[in-house]
Amino acid sequence: VQLQACGGGLVQAGASLRLSCAASGRTFSSYVMGWFRQAPGKERELVAAISGSGGSTYYADSVKGRFTISRDNAKSTVSLQMNSLTPDDTAVYYCAADYGVRIQVLEGHYNYWGQGTEVTVSS
């Protein structure tokens, strides 16, 4: 699986951004998809994830109520709608894929990674 993420940018606090990730391959629905982020000087963390069917989702506490993950299996894409952005959301965001059914939090479970897209939120 090859992943290509896009949609990052520079925005002011309170604004919204939508990240998208396009995947290659014909078995996209067999993969849990996740969005990770890594802020400067911090470890990479899982922000949101969605099961292959889209029926289950996970959100980090820091983004609950502000971010929404979704997927379109027909188009092999996963998106992250980010609202009410704050400077703490500044990071490089990565989409990742894990072949499996259960959503995993640890990045070691994700075998495929996109190249990362940078999000900068100014105060």
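Above this text sits the structure in question.
Please read all numbers here as calculations on a predicted model, not as lab measurements.

Colleague: It is not clear to me how the overall build of the protein chain should be interpreted in this structure. Could you clarify?
Modeller: Helices and strands together make up the secondary structure of the protein chain, namely zero helices and 11 strands. Ordered by position from the N terminus, the helices and strands of the protein chain form the series β-β-β-β-β-β-β-β-β-β-β. Taking 123 residues into account, the globule formula puts the C-alpha radius of gyration at 14 Å, and the protein chain, at 13 Å, falls close to it. Projecting the C-alpha coordinates of the protein chain onto the three principal axes gives extents of approximately 40 × 25 × 25 Å. A total of 123 residues make up the protein chain; the buried ones form 41% of that total. Total accessible area on the protein chain stands at roughly 6400 Å², and carbon and sulfur atoms take up 46% of it. Positive and negative side-chain charges in the protein chain, numbering 10 and 9 respectively, have mean positions lying 8 Å apart.

Colleague: How should I be thinking about the packing of aromatic side chains in this particular structure?
Modeller: The tally for this structure, following the rule as stated, stands at six aromatic pairs. Measuring from ring centre to ring centre gives 5.2 Å for Tyr31 and Tyr99, while their planes differ by 70°; the resulting arrangement is edge-to-face. On the criterion of sequence distance, the pair formed by Tyr31 in strand β4 (residues 31-38) and Tyr99 in strand β9 (residues 91-99) is long-range, its members being 68 residues apart. Among the aromatic residues, ring-to-ring pairing joins Phe36, Tyr94, Tyr110 and Trp113 into one connected group. Above the ring of Trp113, the side-chain terminus of Arg44 is found at 3.9 Å from the ring centroid. In this structure, Arg71 packs its charged tip against the face of Phe28, placed 4.4 Å from the ring centre.

Colleague: Please explain the state of the cysteines as it appears in this structure.
Modeller: Working definition: the covalent bond between the sulfur atoms of two cysteines is a disulfide. The tally for this structure, following the rule as stated, stands at one disulfide. Cys21 shares a disulfide with Cys95; S-S distance 2.1 Å. Between Cys21 and Cys95 the disulfide shows an S-S torsion of about 55°. By sign, it is right-handed. Highlighted residues: Cys21 in strand β3 (residues 17-23) and Cys95 in strand β9, separated in sequence by 74 residues. Cys21 gets classed as buried once you look at its relative accessible area, which sits at 1%. For Cys95, a relative accessible area of 0% puts it in the buried group.

Colleague: Looking at this structure, how should I read the pairing of strand β1 (residues 3-6)?
Modeller: For a regular strand, the rule is simple: side chains alternate between the two faces of the sheet. Only one face of β1 is covered, namely the face carrying Leu3 and Ala5; the face carrying Gln4 and Cys6 is uncovered. Alignment of β1 against β3, held across four bridges, turns out to be antiparallel. Across the sheet, residue Gln4 finds its bridge partner in β3, namely Ala22.

Colleague: Help me out: how do you make sense of the pairing of strand β7 (residues 67-72) in this one?
Modeller: Burial along β7 is one-sided: Phe67, Ile69 and Arg71 are buried, and none of Thr68, Ser70 and Asp72, which face the opposite way, are. As paired strands, β7 and strand β8 (residues 77-82) are joined by six bridges and run antiparallel to one another. Along β8, the bridge assignment pairs Thr68 with Gln81. Counting the residues that bridge the hairpin from β7 to β8 gives four residues, and of these Ser76 lies at a positive phi of roughly 55°.

Definitions and limits used
- Residues numbered from 1 in each chain as written.
- Predicted model: local features only at pLDDT ≥ 70, side-chain atom pairs only at ≥ 80, totals over all residues.
- Heavy atoms only, no water.
- Helix = DSSP H or I, 4+ residues; strand = E, 2+ residues; numbered from the N terminus.
- Rg over C-alpha atoms; globule rule 2.2 N^0.38 Å.
- Buried < 20%, exposed > 50% of the residue type's maximum accessible area, 1.4 Å probe, protein only.
- Areas by Shrake-Rupley, 256 points an atom, 1.4 Å probe, with all protein chains shown as cover.
- Lys, Arg positive; Asp, Glu negative; His and termini not counted.
- Charge placed at Lys NZ, Arg CZ, Asp CG, Glu CD.
- Phe/Tyr/Trp six-rings, centres within 6.5 Å; stacked < 30°, edge-to-face > 60°.
- Lys NZ or Arg CZ within 6 Å of the ring centre and 35° of its normal.
- Disulfide = S-S within 2.5 Å.
- Pairing = 2+ DSSP bridges.

Interpretation in functional terms is not warranted from these geometric data alone.
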